[in-house]
Amino acid sequence: MSHSHSSAVEYLTIVAPTAAEAMAQFAKRGLGAQGFTIAGKIGRHHIAVVIEGKSADLLRGDGMVAATFQRTIHA
C-alpha cells in the first residue's frame, strides 16, 4: 500500500536593527525547536509591497536587516 505525502515550505522573516538581534529573536521565539532553519544570507533588504498595481516601500535597507527562515510542513 502506498501513501502519498504532501509538504509545503513556510517562511518567516525577522526584521531587526542588527543580525545579532534577529538571531536573538530566532532563539527567543524557539524557532529552531519548531523546525525553522536559516534560508539565506542575513543582510540589508529593500522590501516593497504591491497592492492593486501600486508599489510602496516598507523597508529601504537603511538601518535594518532581514533574516528569513524556512521549515517544511508535512501534511
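Being a predicted model, the structure only gives us computed values, none of them experimental.

**Points about the overall build of the protein**
What the protein contains, in helices and strands, is 1 helix and 6 strands. From first element to last, N terminus to C terminus, the protein shows the α and β order β-α-β-β-β-β-β. Its C-alpha atoms give the protein principal-axis dimensions of roughly 55 × 35 × 20 Å. Relative to its 75 residues, the protein shows a buried fraction of 17%. Contacts spanning at least 24 positions in sequence make up 65% of the contacts within the protein whose residues lie at least 6 apart.

**Things to note about the nonpolar core**
Counting 8 residues, the largest nonpolar core is built from I14, A16, A22, F26, L31, F36, A67 and F69. Those residues in contact with A22, other than ones at most four positions away along the chain, are I14, A16 and A67.

**Re the environment of V49**
Turning to its location among the elements, V49 is positioned in strand β4 (residues 47-51). Placed 10 residues apart in sequence, V49 and L59 show a C-alpha to C-alpha distance of 9.6 Å. Non-local contacts of V49, meaning those with residues more than four positions away in its chain, are made with K54, S55, A56 and L58.

**Regarding the pattern of salt bridges**
In a structure, side chains of opposite charge can pair up when their charged atoms sit close to one another. Across all of its chains, the model carries 1 salt bridge by this definition. The partner of R71 in a salt bridge is E10, with the nearest N and O atoms 2.6 Å apart. Here R71, found in strand β6 (residues 65-74), pairs with E10, found in strand β1 (residues 7-16); they are 61 residues apart in sequence, far enough to count as distant. By relative accessible area, which is 21% here, R71 ends up partly exposed.

**Regarding the pairing of β6**
Alignment of β1 against β6, held across 10 bridges, turns out to be antiparallel. When the sheet's bridge partners are listed, I14 is paired in β6 with A67. Inspection of the sheet shows strand β2 (residues 37-38) paired to β6 by 2 bridges, in the antiparallel sense. Counterpart to T37 in the pairing with β6 is Q70. By the bridge criterion, 2 bridges tie strand β3 (residues 43-44) to β6 in an arrangement that is antiparallel. Bridge pairing links R44 to V65 in β6.

Reading guide: rules and limits
- Residues numbered from 1 in each chain as written.
- Predicted model: local features only at pLDDT ≥ 70, side-chain atom pairs only at ≥ 80, totals over all residues.
- Heavy atoms only, no water.
- Helix = DSSP H or I, 4+ residues; strand = E, 2+ residues; numbered from the N terminus.
- Buried < 20%, exposed > 50% of the residue type's maximum accessible area, 1.4 Å probe, protein only.
- Contact = heavy atoms within 4.5 Å.
- Core = buried A, V, L, I, M, F, W, Y, C linked by side-chain atoms within 4.5 Å.
- Salt bridge = Lys/Arg side-chain N within 4 Å of Asp/Glu carboxyl O.
- Pairing = 2+ DSSP bridges.

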